[in-house]
Amino acid sequence: MSNRYGAINFADRRAFLRAMGVGAAAAPFIPLLEAQAATAPQRLVIMVGSNGVGRLDQFFPKGDTNNFTMNATTQSLEPYKKDLICFGNEFDGRIMGGAIPHPEAAGNLLTASAPDSPPPDKDADTRNKGTRATGPSVDQVIAKLIGKGTAFESLALGCGSQSANQLGGSIVYRGSKDPIVAELNVFNTFDRLFPAGAMSGGTGKGLRDGDGAKLMDAVSKSLTSLKGRVGAEDSRRLDAHLESVSALKARLETISQPSGGGAGGACAAPSAMPPRNNTAVFQSLLPAKYLKEIMQTNVDMAVAAMACDLTRVVVFQVGATTALWPPVFMGLREQLHDVSHKNADGMSKYTAYTIEHGFAYLLKKMKSIPEGNGTMLDNSAVVWSNEFGDGNAHSMASLPIIAAGGAGGKWKTGRYIRFGRRRRHVDFLVSLCRTFGMDVTKFGQDPTAGPIAELGV
Amino acid sequence: MPSHRFRTCALLASAFALVSDVGCTGGTSGSQDSGDGQGDGSDVPGAAGSDGQVCEVPDDGWAVAPMRRLTAAEYDYAVADLLGETRHVAADTLDADEAISGFAANTQVTVGGGDAEKLANVARAVAEDAVTRLNEVLKCASGQSNEACALSFIERFTRRAYRRKATSDELGILNQLYKDKAAATDHTQGVRLAIEAVLQQAPFLYRPIIGAKTPKDGVNKLTGEELASRMSFFFWSSVPDDELLDAADDGQLDTVEGLKSHAERMMKDPRFDRTLQSFALQWLGLGNEPQKDDIAYPAFNTEVWRSAKSSVAQFFSYVVKETDGSLENLFTSPVVFADQQLATTYGMTVKANGFEKTATDPKRRGGVFMQAAVLANLAGTEESSPVKRGVFVRSKLLCQSPPPPPANGVAAIAPASPDKTQRQRLEEHRKNPTCAACHAFFDPLGLAFEHFDGVGAYREKEHGLAIDSSGDLTESDVDGPFADGVELMSRLQGSQVVAECLTTQFYRFAVGRLESPADACVLKRLTASMMGQGYSVREVFTKVATSDAFRFVGRI
């Protein structure tokens, strides 16, 4: 690791992991990945946009099952068509009888669960931030299955997603009314994932000098003691805190374990982090100007973490529900939310931009990592979606969903699937669970017609 | 005709005032005797005559206190007070706080996923910095051994950090961490580890309020230590000092008189400024920098925004501390605190470096609402926003919240054009009866401030067109016509509804939740009692802190 910011390449994945100081947690799983098996998807990656996709007639592909072309907004995916399973405008996610506010739509997308009742007051400030979903999101359910034992059971990374910090607006839910806030700071993410490469003082290094487990035990004791004194709702919050402390302790305890040599791979910390020692640059990491840079840094880090098997489940939140920043990087001078209501063409262009520089970039990166006889993309189930189809109408009808990746041989890609009728979007979530081997016929609270036969799961 | 819809919107918005009446019917039957308020276990709401107001409420009218977790700012202030830490490590590292009604409370979002690691990193950074000032932090007695000094430090440190005496079990764990680390490395590292541990412990991070039973079913009274904690976070946004904790141990905080004298002491302390600043910025919704269009407002940037925010906090602090703290001064005082960054926006010359208290033309600009940061925040990227400003006046000043815009197909207001004013474009928008129902309720109040552009600078004209900022205030207790924002604010400063609304917001800030029916009744009466003698923000702080709503909670 000669250069902090430069490429860090290791021929030996385990050596890299040791150097990174987190690796051995993943050791039991490495043989699985290194096996040439293509039996099941190893990873789930979801990227979610916000505020709708602009003009619907420019989004969905044209053509039939095996012979289709991407549309104007999704043009950048044309080179990846063989890796995609596209759907038409037939997914329907409508709840609450039709139009739905942004935060509730965002909460519903991956949970298929009803929003919580609104707070019992007339305070606009509280109410307009929306309510939370009342069930876990699909990524968290799958993470419990495939993420156990990895250093990070799941990651939620945001860019320009400030409102995710409010009551509503999150898309990832650990459980009912328990949102996971997407990390917005790329340097925090880097330091968590690759602590030995951590560049600033303090972060990440403190816990790894031998006292971490003792400290975490002391913290757990104090939390447990307090838990006995408070009400049920507060007790539940302390449980989540306890779980976070145990997970941290488990990661710390595995650091010093020795591990043997192994085959080479593409496990390497991302080489192109933005310089953090330049305050001006750091402060200018604003979505209004640098959305692409933040998205791509998040993708770089997540793909690196997956290559090292530090995590197997990643959700990217691109933008925010009711985003208040203007996408000036593409000449749009109104707040993104206003663009979605006033300027459908502008919103289409913005969506095309995020698909090109976010989703297509993600596919490119995943395809560039060889694994077994194929690539990381072949072993993963990847999904792109948005809280709305038509953002101006706040409509979850015609919900855009694009699947990608071979899902470890489970998915037959290169198809454009049409049903000839509307289906609930929860049917896709059910299929996603089944792709990962879960024998389920429903998900969340939304009534489902069951899995999508065309996906073969 | 839109009349039916308009009524719907107005009725919804007025519901807040009606809700406040719940539980306020009894009123005179509580014991009014003497108010000696001894902490003898017989103290029940109303009995102490704490605010001279009695509310008879059903037992389930008292809400339990949801447990708060320290906000990033409170964490940073606490480690400043405890350890002399001057950086803002928590604010730089932790996720944004969760707000209830605009005030950071952290009563719902959990510490989950990677959050424990963030808290660990913050604790580590603060502890490492603290031991660079080891002698100053430890204050060892002369001749004391390192170990004796460290253990005595841990006991003193936890008392303030936990806002109570640590139990012997808790001290045992911390002492052992120190001893093992000191033996393995050295004294300094031992102290560092003990500090690092304390800053991650539940009693430091969380603020449980459970209380002790009163004779009244379902109602608990806060213990002395819980009151010391609630007081210190209310007045200082930080942990208590030893004096306040000693007073709690002596039972002084069990009486209204004791609380009052500490409230007065605490408002004279410089730490009170933290709370004033924090309240003002959260009440006015001044958080992230509003994004402005480079072409429309080339001079607006991060530095201007920071100055503008600081300027509002200074104005608020000035009104509370250096004037009578009346609503009249808060809403109309023709003063701004301007520095070089704000000179252009305010159209004045500022000679000195730093901020200068400067008079404004009282016919044009005055009071907290006409500060640049407030007006810039309630605006679009390229122009002012009468809608945002009007909604703000209704919701934050009158506590009347219009419902959110209809979710289905929001009809856009016509974009800025050089041949029409905002008023003209909004009038077109209101031709749609669905929109008119609510816009007629708040647009006129926002249009009062049309002489201020999207960054809060005064303007005579909009695109060369004359500005009409006149309108009628309706649905309030001070209804009537106004010519502009200055006249609107001078109407509102005389409103009891506005005074009640402000008291309520102080209370939400103080306790981190919305008021229960019992609290709402107490606050309403408390405000009413002040209207004759003159409402003062300083007095509200004291009255809230000594009120039954502050001293009692529902039983878990």
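Check the secondary structure of chain B and you find 25 helices and 13 strands. Taking all 556 residues of chain B together, 61% fall into the buried category. Considering only residue pairs separated by 6 or more positions, chain B has 71% of its internal contacts joining residues 24 or more positions apart. In the structure as shown, chain B presents an accessible area of about 20,600 Å², 51% of it carried by carbon and sulfur atoms.

The next thing to look at is the confidence of the model for chain A. Residues and elements named next belong to chain A. Of all residues in chain A, 78% attain a pLDDT of 70 or more, and the chain-wide mean is 80. Confidence, expressed as mean pLDDT per element, reaches its minimum in chain A at helix α2 (residues 30–34) with 39 and its maximum at strand β13 (residues 401–404) with 98. Every residue in residues 1–38 scores below 50 in pLDDT, and together they form 83 contacts with partners more than four places removed in sequence or on other chains. When the criterion is pLDDT under 50, residues 255–264 qualifies, and its contacts beyond four places in sequence or with other chains add up to 14 contacts.

Turning next to the sheet that holds strand β4 (residues 84–87) of chain A. Residue and element names in this part refer to chain A. Strand order in this open sheet of seven strands is β6-β9-β1-β12-β13-β4-β14, and the pairing throughout is mixed. Each edge of the open sheet carries a strand with a single partner, namely β6 (155–159) and β14 (415–417). Averaged over all pairs of adjacent strands, the angle between strand axes in this sheet comes to 15 degrees, irrespective of strand direction. Pairing analysis gives three bridges linking β4 to β14, with the strands arranged parallel.

Quick look at the pattern of salt bridges now. Under the definition given, this model contains 56 salt bridges over all chains. Salt bridges linked by common partners bring Arg 159, Lys 165, Asp 242, Asp 246 and Asp 249 of chain B together as one network.

Attention now goes to the packing of helix α7 (residues 212–227) of chain A against helix α7 (residues 168–184) of chain B. Helix-helix packing is characterised by the crossing angle of the two axes and by the distance between the axes. Packing of α7 of chain A against α7 of chain B leaves a shortest axis separation of 11 Å and a crossing angle of 175 degrees. When the axes of α7 of chain A and α7 of chain B are compared, the pair comes out roughly antiparallel. Each of Lys 214, Leu 215, Ala 218 and Lys 221 of chain A in α7 of chain A lies in contact with α7 of chain B, whose residues at this interface are Ile 173, Leu 177 and Asp 180 of chain B. Of the residues in the contact of α7 of chain A with α7 of chain B, the class split is four nonpolar, no polar and three charged.

Moving on, we come to unusual backbone geometry. Trans is the prevailing form of peptide bonds, just as negative phi is the prevailing case for residues other than glycine. Residues and elements named next belong to chain A. Despite not being glycine, Ala 112 shows a phi value in the positive range, around 50 degrees. In this structure, Ala 112 sits in the loop between α3 (102–111) and α4 (124–127). The exposure class assigned to Ala 112 is buried, which follows from its relative accessible area of 2%. The backbone of Asp 309 sits at a positive phi, close to 55 degrees, despite the residue not being glycine.

Criteria and cut-off values
- Residues numbered from 1 in each chain as written.
- Chains lettered and ligands numbered in written order.
- Predicted model: local features only at pLDDT ≥ 70, side-chain atom pairs only at ≥ 80, totals over all residues.
- Heavy atoms only, no water.
- Helix = DSSP H or I, 4+ residues; strand = E, 2+ residues; numbered from the N terminus.
- Buried < 20%, exposed > 50% of the residue type's maximum accessible area, 1.4 Å probe, protein only.
- Contact = heavy atoms within 4.5 Å.
- Areas by Shrake-Rupley, 256 points an atom, 1.4 Å probe, with all protein chains shown as cover.
- pLDDT = per-residue confidence, 0-100.
- Pairing = 2+ DSSP bridges.
- Axes fitted to C-alpha atoms, helices over the stretch in contact; angles between N-to-C directions.
- Salt bridge = Lys/Arg side-chain N within 4 Å of Asp/Glu carboxyl O.
- Parallel < 35°, antiparallel > 145°, perpendicular 65-115°, else oblique.
- Nonpolar A, V, L, I, M, F, W, Y, C, P; charged D, E, K, R; others polar.

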